[in-house]
Amino acid sequence: NAEYMGKNFGSSAHGSMRARYVTKEELANTPSRKDDVSETDETRYRLGTCSFMLEVGMTLKMPQLTIATAIAYFHRFYARRSFRQFDRWIIGVTCLFLAGKVEETSKRLRDVVNVFHKVKNKHDNRPAPPLSEELAFNIKDQILIAEQELLRTIAFDLEVLHPYTFVREFARVLCPRNKLLHKIAHNFVNDSLRTRVCIEFAPKAIALAAIYLGARYLKIQLPTAGPSVAGQPPKKNWWEQLDEKAEVNDIHDIANQILDLYDSYGPSDASKIISSNDTASGFQNLVDPPS
């Protein structure tokens, strides 16, 4: 029977510390890196597994928000654990199974196992073998064990705050008559899930970066700071209008991480924001810092 699970499930708990966000220093020295997994390979593993999770989630008819929550769990897990020690496919599907329960969109474990088996073998470019009862039980058992490891690793912190609500509000404030800005920025948020920004930055910062990229893509001029006119208060930059605590360097960092994703791998199928005739080079004019 196929074995999907890594060798270290059931290891000691990570501890009680919250594992929602990590620093750049921690990301540069992940457990995977200490296990001789290169940054390139780690990025490839994250991208591939996120695409796999998206396909499994969509096949299970999970809502977009549930899939986004699952991917956030996945990134949190591998900020604290090594790809060499824990099977990413099992962890990915376990994140979906757990997120379904957390977001109250749960799926039967048997259905999750069936879709996992089908999609996993499809990604291996071979016909899916029949899923015997013995194999189904084996995968089910691995998911249940992995769920406990996942919970311990993320310190039972199940809350995930997503940027989507902020994107909708920010787009409404800046461009109340332009519905396309919300749609395009929403798609940038979707693609950001394939990066690690969700464990580096708060959702407001990611929303601001998505609005910035969306506005640049649509060639919308965003408000900039200006002097007081006719007794009116001085004008603020657009990001200050939306969030007084916003850091412009964070917006630039997030935007560049998303653009680097396109430069290396292209946009996701779910995004559809770049036509087949466009190239990543068409986005290079977006990387200038907001001003």
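Residues numbered from 1 in each chain as written. Predicted model: local features only at pLDDT ≥ 70, side-chain atom pairs only at ≥ 80, totals over all residues. Heavy atoms only, no water.

Peer 1: I would appreciate a short explanation of the packing of helix α4 (residues 64-80) against helix α5 (residues 88-102) in the present structure.
Peer 2: Relative orientation and spacing of two packed helices are given, respectively, by the angle between their axes and the distance between those axes. As a packed pair, α4 and α5 sit with axes 8 Å apart at the nearest point and diverge in direction by 130 degrees. Here α5 runs oblique to α4, going by the angle between their axes. When the axes of α4 and α5 are compared, the crossing they make is right-handed. When α4 is examined against α5, the residues Thr66, Ile67, Thr69, Ala70, Tyr73, Phe74, Phe77 and Tyr78 are found in contact with a partner set consisting of Arg88, Ile91, Gly92, Cys95, Leu96, Leu98, Ala99, Gly100 and Val102. The residue makeup of the contact of α4 with α5, split by class, is 12 nonpolar, four polar and one charged. (Axes fitted to C-alpha atoms, helices over the stretch in contact; angles between N-to-C directions. Helix = DSSP H or I, 4+ residues; strand = E, 2+ residues; numbered from the N terminus. Parallel < 35°, antiparallel > 145°, perpendicular 65-115°, else oblique. Left-handed = near helix turned anticlockwise from the far one by under 90°. Contact = heavy atoms within 4.5 Å. Nonpolar A, V, L, I, M, F, W, Y, C, P; charged D, E, K, R; others polar.)

Peer 1: Got a minute to help me understand helix α3 (residues 39-59) in this structure?
Peer 2: A turn of α-helix holds 3.6 residues, and therefore any two residues three or four places apart point the same way. Its 21 residues give α3 an end-to-end C-alpha distance of 30 Å, which sits within 8% of 30 Å, the value for a rise of 1.5 Å per residue. Every buried residue of α3 is listed here: Glu42, Arg46, Leu47, Thr49, Cys50, Phe52, Met53, Val56 and Gly57. Within two residues after α3, Lys61 carries a phi angle of roughly 60 degrees, on the positive side. (Expected span 1.5 Å × (residues − 1). Buried < 20%, exposed > 50% of the residue type's maximum accessible area, 1.4 Å probe, protein only.)

Peer 1: Explanation requested: the side chain of Gln142 in the structure shown.
Peer 2: Considering the arrangement of structural elements, one finds Gln142 in helix α7 (residues 133-153). Look at Gln142 and you get buried, because its relative accessible area is 2%. In this structure the side chain of Gln142 is engaged in a polar contact, spanning 2.3 Å, whose partner is the side chain of Asn138. (Polar contact = N/O pair within 3.5 Å; in protein donor to acceptor, adjacent residues only side chain to side chain.)

Peer 1: Looking at this structure, how should I read helix α9 (residues 179-192)?
Peer 2: Counted at 1.5 Å a residue, the expected span for α9 with its 14 residues is 20 Å, and the 21 Å between its end C-alpha atoms agrees. Where burial is concerned, most of α9 is hidden: 10 out of the 14 residues are buried. Of the residues making up α9, those classed as buried are Leu181, Ile184, Ala185, His186, Asn187, Phe188, Val189, Asn190, Asp191 and Ser192.

Peer 1: Would you explain the packing of α3 against α5 in this entry?
Peer 2: The geometry of α3 relative to α5 is characterised by a closest axis approach of 10 Å and an angle of 45 degrees between their N-to-C directions. As the angle between them shows, α3 and α5 are arranged oblique. α3 and α5 meet at a crossing whose hand is right-handed. On the side of α3, the interface is formed by Tyr45, Gly48, Thr49, Phe52, Met53, Val56 and Gly57, while α5 contributes Arg88, Trp89, Gly92, Val93, Cys95 and Leu96. Its residues placed into classes, the contact of α3 with α5 shows eight nonpolar, four polar and one charged.

Peer 1: Can you walk me through the packing of aromatic side chains in this structure?
Peer 2: Think of a pair of aromatic rings as described by two things: how far the centres are apart, and how the planes are tilted against each other in angle. Following the criterion strictly, the structure yields 12 aromatic pairs and no others. Centre to centre, the rings of Phe52 and Phe116 are 5.9 Å apart; their planes meet at 85 degrees, and the pair counts as edge-to-face. In this pair, Phe52 sits in helix α3 while Phe116 sits in helix α6 (residues 109-123), placing the two residues 64 residues apart along the sequence. The pair Phe52 / Phe116 is uniform in exposure class, with both members buried. Among the aromatic residues, ring-to-ring pairing joins Tyr45, Phe74, Phe77, Tyr78, Phe83 and Phe86 into one connected group. (Phe/Tyr/Trp six-rings, centres within 6.5 Å; stacked < 30°, edge-to-face > 60°.)

Peer 1: Sorry if this is basic, but what is going on with the pattern of salt bridges here?
Peer 2: Note on pairing: side chains with opposite charge can pair once their charged atoms come close. Per the counting criterion, the structure on display carries 16 salt bridges. The closest approach of N and O atoms between Arg110 and Glu133, which form a salt bridge, is 3.4 Å. Of the two residues, Arg110 sits in helix α6 while Glu133 sits in helix α7, which places them 23 residues apart along the sequence. Among the residues examined, Arg110 registers a relative accessible area of 34% and is labelled partly exposed. Residue class for Glu133 comes out exposed when judged on its relative accessible area of 58%. One salt bridge connects Lys236 with Glu244, and the closest N-O pair in it is separated by 3.3 Å. (Salt bridge = Lys/Arg side-chain N within 4 Å of Asp/Glu carboxyl O.)

Peer 1: Is there a simple way to think about the environment of Asn29 in this case?
Peer 2: Looking at the secondary structure, you find Asn29 in the loop between α1 (24-28) and α2 (31-34). Under the relative-accessibility criterion, Asn29 is labelled partly exposed at 47%. Among the polar contacts listed, one links the side chain of Asn29 to the backbone oxygen of Glu25, at a separation of 3.0 Å.

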